[in-house]
Amino acid sequence: MFKSGTDYLWHSSEDEDEEADPFIDDSLAPLERIKTYYYRSDARLHHRLYAIKDLSDAALQVGFEETSKTLLPMLQDIKCDTDPAIRQALVDQIPTLCDFLKQTGGEDGYNAIWQVMLPIVSLFTTDSNQQVRHSAMDCLVALAGKLLHEDLQPHLLPLIKSLSKDMTDEEHRVEAAELMNLLASIIGSELCLSFCIPLVTTLTTDPMFRVRKAVASNLGNICRTIGSEQTTNLVLPLFIKLSQDEIWGVRKACAESLVHISENISPEERQNKLVQVFEKLISDPSRWVKSTAFQALGPFIATFRNLTVPEILLKFFNSMVMETKDSKLGDSDNVTFCAFNFPAVLQTIGREKWNLISDTYHLLVKDVQWKVRRSLSFSLHVIADILGSELTEKILLSIFELFLRDLPEVKVGVLTHLSKFLEVLSTDTRERYINVLEEVINNDDNNWRFHKLIAEQMGSLSKLYSPTVVSEKIVPIVFRLLADPVSAVRKSLLPELGGIIRSLDESPEQQKKFQERLVSFGRSPTYQPRLLFSHLCAEVLYQIDIQSFSDVFLPVLLNLKTDVVPNVRFTVANTLRVLLQHDKLKHHVEIIQALQLLQQDKDRDVITSAKGNGDLPFEVVPDKNSGSSSLSSDQTPNISKSNDINQTDQTNKTLETLETPIATSSKEPTSNSENIDEPLHTGQFATEETETQVPNEQANSNLEITPMNTQETPTQETPTQETPTHETHNHETPTQETHNHETCLLYTSDAADDLLCVDL
């Protein structure tokens, strides 16, 4: 049997052929489990690991006093364990234990951090196992953030100094270089200057190249902490010296750190000295050094913001794709990085100097590697924003069209930021390209991800056009997307509907017509449009005027409280609870009455949805005389917004039931006829007979509103609920063949010419 690298890393001294006892008694308290399974003579590795991972839980259970008396002394035994997996597990537990000590132990707990925990972590920084050492370094940084600043110098910095002076193992000096960079922001500028800089200076002359390489790779945080002036005076000379090191690995590390140095030195030194360093690195005899320098070129140019970028750097940038003596066309890595960094370079030099790199851009657009074109496709809107409308229409429109005809991997970039690109164009040009939306829907019928990208931008796209264009071009696409067979597409469109409605504010007639078409989903004879309508009500609630919502959407939504399909009532209940979070609707009588009715539903999941987390301040009491539900008084409740329910989470939860396309059948699913192609929330194919639907007038007449009585628990009779089984109903998922020649009719109004027909 082959072993992974991790198996070798955590090699145990125990006999691996013996079958470990998997039984662990979870009934024991955490502290007892540690004593039982770690100290037991025949304890296996997985037993001891289990015990170590209980350290934090044990501390929380027994409290600070018992932790100090019993648990902390155990750590002295555990830290000496011969198995690296145990030592690793202990390191992982220490930050949480330190938080516990600091929060519960006061001064004594804080002292335990540097008296007990810090020495253990310090010991592990020189552990024989590499992974334990790396974890100890991360743990040390976490502990440093828990110590007072005045305690850093006497308790923490001596450890780093000891590591930097340890000549027995170069790995320890490497760790010192890394720790100084990691801790720079914690120890502050003053200690960095007085403590770190002298040690860094010494390590730059270390005889082992791995140490010098570690120094070159770990200067960024130190430079940011000590500031521009000190970096220029103290760090830059060290960096220049390291960039001339005889070992190519050290010079490569300098190329990787070049941008960090450039961001933290004076503009004059960046222009005069660092450019010369870069020229040497990019002409280095080592291919790896040169390649790394080219990768850093774009970010390096971007550090010249508000400055004139040296022409030599732009020459190097163009050479990444142009055939010159320094770089040959076909270096795929260089070309890829050039494309990726192109927007940042153009942003730095400005549109006025577009001509200096325009040839490079056109070469990148035609590159044979699709990943290069993909990068340009995703950044096309950024380039357009920098160049402005005039240059975009002159230069980029042809590239835009080219990318739309490219591979799907390239086309996706343009479609992802389509609205941002169209926003840059003039009004007339923008209207000419509105047909792109229809082409994507028609030509990429099998690529639902493209449909989803369009759906996610319909709101922002609507803002770019006049109400006439929105009504004639965008609205038809909206209803096609609402009928998309993939639920992810429909879900993505729902949050955009409010923006589309607002874009029609200047045309009340078109706005009213659009809203009526949306409302018609709630009156559809098939259940999936009604299900969709209950979801969209939750989405548009906060996006449109509340009066408009109450007049147009709310009445139809309330009618669905007695829908014959449990899934519809389930989502309606969720949506109504979202509505109650709105300040203007939290006292709405009809919403409260609808939820009270749903709390008496025959479907247990509908009841659960209507009750939510028990935060509704009213409760339904069964009426013994009439058999219907009533309330103990007619007092209107004072319903306040609950802090326990997040509106977005609630809306997302309701969307989980929206997993099938809009139904193509014109009939309601019943117990004996139509199939339901969507799994219901109960996990069973449950339906209700039409006779169970309660008329709205009757339902409302039997309900009264009362506040929740927090003193007494009213007696409530549990309504009889029968759970349908698979045997009583014939619900088979329809196959694809049943939809090949059917048409989905989305009723938009009573007029026949307002029907939207979608071929599926």
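Procedures and definitions
- Residues numbered from 1 in each chain as written.
- Predicted model: local features only at pLDDT ≥ 70, side-chain atom pairs only at ≥ 80, totals over all residues.
- Heavy atoms only, no water.
- Helix = DSSP H or I, 4+ residues; strand = E, 2+ residues; numbered from the N terminus.
- Expected span 1.5 Å × (residues − 1).
- Bend = angle between axes of the 7 residues up to and from the residue.
- Buried < 20%, exposed > 50% of the residue type's maximum accessible area, 1.4 Å probe, protein only.
- Polar contact = N/O pair within 3.5 Å; in protein donor to acceptor, adjacent residues only side chain to side chain.
- pLDDT = per-residue confidence, 0-100.
- Contact = heavy atoms within 4.5 Å.
- Salt bridge = Lys/Arg side-chain N within 4 Å of Asp/Glu carboxyl O.
- Axes fitted to C-alpha atoms, helices over the stretch in contact; angles between N-to-C directions.
- Parallel < 35°, antiparallel > 145°, perpendicular 65-115°, else oblique.
- Nonpolar A, V, L, I, M, F, W, Y, C, P; charged D, E, K, R; others polar.

Caption draft 1: Structural detail: helix 32 (residues 546-559). The terminal C-alpha atoms of helix 32, which comprises 14 residues, lie 19 Å apart, in line with the 20 Å expected from a rise of 1.5 Å per residue. For helix 32, the principal kink sits at Phe 553 and spans about 45°; a proline, Pro 555, occurs within the next four residues. Residues of helix 32 that are buried: Ile 546, Phe 549, Ser 550, Phe 553, Leu 554, Val 556, Leu 557 and Leu 558. A side-chain oxygen of the first residue of helix 32 lies 3.0 Å from the backbone nitrogen of Gln 547; this N-cap is Asp 545.

Caption draft 2: Layout of the confidence of the model for the chain. Confidence along the chain averages 81 in pLDDT terms, with 76% of residues attaining 70 or more. Mean pLDDT per element in the chain: strand 4 (residues 756-759) is the minimum at 34, and helix 11 (residues 209-217) is the maximum at 97. Contacts from residues 1-20, a stretch scored under 50 in pLDDT, to residues over four places away or in other chains number 27 contacts.

Caption draft 3: Representation of the pattern of salt bridges in the model. Scanning the entire structure with this criterion turns up 16 salt bridges. Arg 87 serves as the salt-bridge partner of Asp 127, at 2.7 Å between the closest nitrogen and oxygen. A residue pair is termed long-range when its members are at least 10 positions apart, and Asp 127 in the loop between helix 6 (106-124) and helix 7 (130-144) and Arg 87 in helix 5 (residues 84-104) qualify at 40 residues. Arg 87 carries the same exposure label as Asp 127, and that label is buried.

Caption draft 4: Quick peek at the side chain of Ser 471. Counting through the fold element by element, Ser 471 comes out in helix 27 (residues 467-482). One polar contact links Ser 471 to Gln 510, side chain to side chain, over a distance of 2.5 Å. In this structure Ser 471 touches Pro 476, Leu 504 and Gln 510, once residues within four positions along its chain are discounted.

Caption draft 5: Quick look at the packing of helix 31 (residues 527-540) against helix 33 (residues 566-579). Where helix 31 contacts helix 33, the axes come no closer than 9 Å and their chain directions differ by 5°. The orientation of helix 31 with respect to helix 33, classified from their angle, is roughly parallel. Across the interface between the two elements, Tyr 527, Arg 530, Leu 531, Ser 534, His 535, Cys 537 and Ala 538 of helix 31 pack against Asn 567, Val 568, Thr 571, Val 572 and Thr 575 of helix 33. Taken together, the residues of the contact of helix 31 with helix 33 sort by class into six nonpolar, five polar and one charged.

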